[in-house]
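Reading the structure
Each chain, letter by letter, is given below.
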Amino acid sequence: MTDITHIFFDIGGVLGSNGWDREQRHRAVEHFNLNAEDFQWRHEEVVAEWEEGRITIDEYLDIAVFYIQRPFTRKEFVDFMYSQSVPDEATVQIARALSAESRYTLMTLNNEAEELNVYRIETFGISQIFEAFLSSCWLGVRKPIRRFYSRALGIAHAEPSSALFIDDRPQNLTPATALGMNVIHFKSAPQLRSDLERLLDLEIPGA
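For the structure given in this document, a descriptive report is provided here. Note that this is a predicted model, so its numbers are computed, not measured.

**Points about helix H9 (residues 170-178)**
- Residues of H9 that are buried include every one of Asn172, Leu173, Pro175 and Ala176, and no others. Seen along its axis, H9 keeps its buried residues to an arc of 160°; they face one direction.
- Check the buried side of H9 and you find it contacts helix H8 (146-156), strand S4 (163-167) and strand S5 (182-185).
- Among the residues trailing H9, Gly180 stands out with phi positive, at a value near 100°.

Structure below.
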């Protein structure tokens, strides 16, 4: 049994759908009849600043979408962005079960712009599960930059060897492993439950 004290969950791709990734942006392109190539390079110009909390969603949209007159409103576009966020109830249930174990401190580690991050925390119903949300918009740096993980561990006051990080993207797990953190590559809720039960030597209630 590994002596884990802190468990860190990614949000997009683990606790629910991604917030504003390629799939969600592709749907926006089709729904609002945007020029895909133009929208993509404009998005790439400012997404780092947005996800690291240096600009607001309005500034992002000014550059990526509303630099010309559109036949739809800003509110319609933002509402569409929010509508793409869907929780993975099976994974949320696992996190909720772990939060009931007093030996573990649960936090999130995720890349997200502040507006989407706050919306998703509330929509996924996870505010009572996690002790803190260590997100790029508040840390000022994004995964997979190693400083992201170092800052998170410092805020959590956690030793890498006693920390477990769960993410769906291998490139985000590599720096965590290099720092000495334990990791699980998320593929599905059943796989996550099995891996956690084996690693933590416990039975997680639920289906």
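Now, onward.
**Section: the packing of helix H1 (residues 22-32) against helix H4 (residues 74-83)**
- Look at H1 against H4: their axes get within 10 Å of each other, and the N-to-C directions meet at 140°. Judged by the twist between their axes, the crossing of H1 over H4 is right-handed. On H4, the residues that touch Gln24, Arg27, Ala28, His31 and Phe32 of H1 are Glu76, Phe77 and Phe80.
- Partitioning the contact of H1 with H4 into residue classes produces four nonpolar, two polar and two charged.

**What to know about the pattern of salt bridges**
- Under the counting rule described, the total for this entry stands at 15 salt bridges.
- Where Glu23 meets Arg27, a salt bridge forms, and the shortest distance between an N and an O atom there is 2.4 Å. Of the two residues, Glu23 and Arg27 are both situated in helix H1; the distance of four residues between them amounts to about one turn of the helix.
- Note that Glu52 is salt-bridged to Arg54, the shortest N-O span being 2.3 Å.
- What makes Glu52 buried here is its relative accessible area of 15%.
- Among the charged side chains, a salt-bridge network with shared partners connects Glu49, Glu51, Glu52, Arg54 and Arg142.

**Considerations on the sheet that holds strand S2 (residues 105-110)**
- Strand order in the open sheet formed by five strands is S3-S2-S1-S4-S5, and the pairing between neighbours is parallel. One side of each edge strand has no neighbouring strand; the edge strands of this open sheet are strand S3 (132-135) and S5. Along the sheet, successive strands turn relative to each other by an average axial angle of 25°, direction set aside.
- Note that strand S1 (residues 6-9) and S2 share four bridges and pair parallel. Directly across from Phe9, in S2, lies its bridge partner Thr108.
- Packed on one face of the sheet, helix H10 (residues 189-200) meets S1, S4 and S5 and runs near 155° to S5.

**So, the nonpolar core**
- Core analysis: the biggest nonpolar cluster contains 29 residues, and Ile7, Phe9, Leu98, Ile126, Ile166 and Leu196 have the highest contact counts within it.
- Sorting the residues of this core by element identifies S1, helix H5 (89-99), S4 and H10 as the ones contributing at least two each.
- Looking at this core, the element that brings in the most residues is H5, giving five residues.
- Setting aside its immediate chain neighbours within four residues, Ile126 contacts Ile11, Leu15, Val92, Ile121 and Phe133.
- In this structure, Tyr60, Val65, Phe72 and Leu116 belong to the second largest nonpolar core, which totals 23 residues.

Parameters at a glance
- Just so you know, the residues in each chain are numbered from 1, in the order the chain's sequence is written.
- Reporting in this predicted model follows two pLDDT cut-offs: at least 70 for local features of residues, and 80 or more for side-chain atom pairs to be given and counted; totals over whole chains, interfaces and linings ignore these cut-offs and use all residues.
- Side-chain measures were taken over the full set of non-hydrogen atoms in the model, leaving aside hydrogen atoms and water.
- Note on classification: 1.4 Å probe, protein chains only; a residue is buried when its accessible area is under 20% of the maximum for its type, exposed when over 50%, partly exposed between these limits.
- Only runs of H or I of at least four residues qualify as helices and only runs of E of at least two qualify as strands under DSSP, and these elements are numbered from the N terminus.
- The arc in question is the one spanned by the directions pointing from the helix axis to the C-beta atoms.
- Any two residues whose heavy atoms approach within 4.5 Å are treated as being in contact.
- A fitted line through C-alpha atoms represents every axis, and for helices the fit uses only the stretch in contact; the resulting angles, taken between N-to-C directions, go from 0 to 180 degrees.
- It is the rotation of the near helix from the far one that decides the hand of a crossing: anticlockwise by less than a right angle makes it left-handed, clockwise makes it right-handed.
- Each residue receives one of three labels: charged for Asp, Glu, Lys and Arg, nonpolar for Ala, Val, Leu, Ile, Met, Phe, Trp, Tyr, Cys and Pro, and polar for the others, Gly being one of them.
- The working definition used for a salt bridge is a side-chain nitrogen of Lys or Arg within 4 Å of a carboxyl oxygen of Asp or Glu.
- A pair of strands is considered paired only if DSSP assigns at least 2 bridges between the two.
- Here the nonpolar core consists of buried residues drawn from Ala, Val, Leu, Ile, Met, Phe, Trp, Tyr and Cys, with membership extended through side-chain atoms lying within 4.5 Å.

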